[in-house]
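# Breakdown of the fold
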Amino acid sequence: MLQLLTFLVEKVSLLFKFKLFESSWLESRQRERAERRAPSPPLRRGDVLEVPRSLFTHFGIYLGDNKVAHLIPDILPVLTSNDKLISSVITNERLILGCIYRCATVRVDTLEDFAYGANILVNHVDKMMKTPPLPDDTVAKRAEKLIGAFPYSLLWSNCEHFVTYCRYGAATSRQTEQFCEVLKSIIRDQRTVIVSGLLGIISVVYFGMAPLTTLPTILIPFTLWMAG
């Protein structure tokens, strides 16, 4: 069941990235590939590190000595108090279930464990932000102060919010902004109204006339139409 859930989420992620964000995503991927081909500069304390991970891109703050602080969801603290198990590398299964349960911590891992086998981008976020970064040591100290349990929301308090708060002084997430833009475009698309109406009619035909079927059949298409 866990493997099936992971498989479905990853496939939805692929559709999300390649279909909904096709143009902007491809442009950003091309820039990232060019940067990865270039020689990587030595990491400095306070650098923002970026790696692809499951649903979205994952971010962390380099602390020096091969250590990275990052906000990451994890279901294991809910299931056990065994510190040795909890401190092990967080798999995609643990990460996804942690997202669903909204359980996360700011933790320190080795650079290798943070990367999880992926290539690392360094300070790529600097090009997207209008605010200049804070001094390197200040960035790292802000990250270190937040180590431990941390409120988590996939859209409103995620790993990108964590690193932008530490490095720029304001928590923002480009991935959340992109998601909201896509959501708005879907809501504004009149085909969404038609599809929701058809699904509502099918549910009424299949389940019969009842408040639980009739009201959504009327209210959802109406709300989408008004929002569009």
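Numbering of residues begins from 1 in every chain and follows the order in which that chain's sequence is written. Where totals are concerned, whole chains, interfaces and linings use all residues; where local detail is concerned, this predicted model gives features only for residues with pLDDT of at least 70, and gives and counts side-chain atom pairs only at 80 or more. Here the side-chain values reflect all heavy atoms present in the structure, with hydrogen atoms and water set aside.

Naming follows an unreviewed UniProt entry, where the protein appears as Lecithin retinol acyltransferase a of Oreochromis niloticus.

A few words now on the nonpolar core. In this text, buried Ala, Val, Leu, Ile, Met, Phe, Trp, Tyr and Cys residues form a nonpolar core when linked through side-chain atoms within 4.5 Å. Working definition: with a 1.4 Å probe on protein chains only, accessible area under 20% of the residue-type maximum means buried, over 50% means exposed, and in between means partly exposed. Counting residues in each nonpolar core, the largest one holds 22 residues, and the members touching the most others are Ile-61, Leu-71, Ala-143 and Phe-162. Numbering goes from the N terminus for both helices and strands, where a helix is a DSSP run of H or I of at least four residues and a strand is a run of E of at least two. Elements with a contribution of two residues or more to this core: strand 2 (56-64), strand 3 (67-73), helix 5 (92-101), strand 4 (104-110), helix 7 (136-145) and helix 8 (159-168). No other element matches the five residues that helix 8 contributes to this core. Counting residues in hydrophobic clusters, the runner-up holds seven residues, among them Val-68, Leu-111, Phe-114 and Ala-115.

On the secondary structure map, His-70 appears in strand 3. Using a relative accessible area of 2% as the deciding quantity, one classes His-70 as buried. A sequence separation of 93 residues divides His-70 from Val-163, and the C-alpha atoms of the two residues are 7.8 Å apart. For this analysis, residues touch if any pair of their heavy atoms sits within 4.5 Å. With residues up to four places along the chain from it excluded, the contact list for His-70 reads His-58, Phe-59, Gly-60, Thr-105, Val-106, Arg-107, Asp-109, Phe-114 and Phe-162. Of note is the side chain of His-70, whose polar atom sits 2.7 Å from the side chain of Asp-109. Residues adjacent in sequence count toward polar contacts only when both atoms are side-chain atoms; beyond that, a polar contact is any pair of N or O atoms within 3.5 Å, and within protein one must be able to donate a hydrogen and the other to accept it.

Any residue with an atom within 4 Å of a point lines the site, the site being either a cavity, points on a 1 Å grid over the protein atoms alone where a 1.4 Å probe fits but cannot get out, or a pocket, an open set with protein on both sides within 12 Å along at least 5 of 7 lines. Grid points are joined across faces, edges and corners, and a volume is the space filled by probe spheres set on the points. Considering all chains together, one arrives at two cavities of 30 Å³ or more under this definition. In this structure, the largest cavity encloses a volume near 200 Å³. Phe-56, Thr-57, Tyr-152, Leu-154 and Cys-159 are, among the 17 residues lining the largest cavity, the residues nearest its centre. Of all the elements in the fold, those that place two or more residues in the lining of the largest cavity are strand 2, strand 3, helix 5 and helix 9 (174-188). For the lining of the largest cavity, the per-class residue count stands at 11 nonpolar, five polar and one charged. In this model, the second largest cavity occupies a volume close to 40 Å³. Lining of the second largest cavity is provided by Arg-53, His-70, Ile-72, Val-89, Ile-90, Arg-107, Asp-109, Asp-113, Phe-114 and Tyr-116. Amino acids outside the nonpolar list (Ala, Val, Leu, Ile, Met, Phe, Trp, Tyr, Cys, Pro) and the charged list (Asp, Glu, Lys, Arg) are all regarded as polar, and Gly is one of them. A class-by-class count of the residues in the lining of the second largest cavity yields five nonpolar, one polar and four charged.

Before going further, it helps to spend a moment on helix 7. If you check which residues of helix 7 are buried, you get Val-139, Ala-140 and Ala-143. Projected down its long axis, helix 7 carries its buried residues within an arc of 95°, all on one side. Those residues of helix 7 that are buried are in contact with strand 2, strand 3, strand 4 and helix 8. By arc we mean the arc of the directions from the helix axis to the C-beta atoms, nothing more.

The next subject is the sheet that holds strand 6 (residues 148-149). Spatially, the six strands line up as an open sheet ordered 5-1-2-3-4-6, and their pairing is antiparallel. Of all strands in the sheet, those with a lone pairing partner are strand 5 (121-122) and strand 6, marking the two edges. Alignment of strand 3 against strand 4, held across seven bridges, turns out to be antiparallel. By the bridge assignment, His-70 is partnered in strand 4 with Arg-107. Against the sheet, helix 5 makes contact with strand 1 (48-53), strand 3 and strand 4, and its axis sits at roughly 50° relative to strand 3, the strand it touches most. Where helix 7 meets the sheet, its contacts fall on strand 2, strand 3 and strand 4, and the angle it forms with strand 2 comes to roughly 110°. Pairs of strands are assigned from DSSP output, requiring at least two bridges between the strands. Between the N-to-C directions of two axes lies an angle of 0 to 180 degrees, each axis being a line fitted to C-alpha atoms and, for a helix, fitted only over the stretch in contact.

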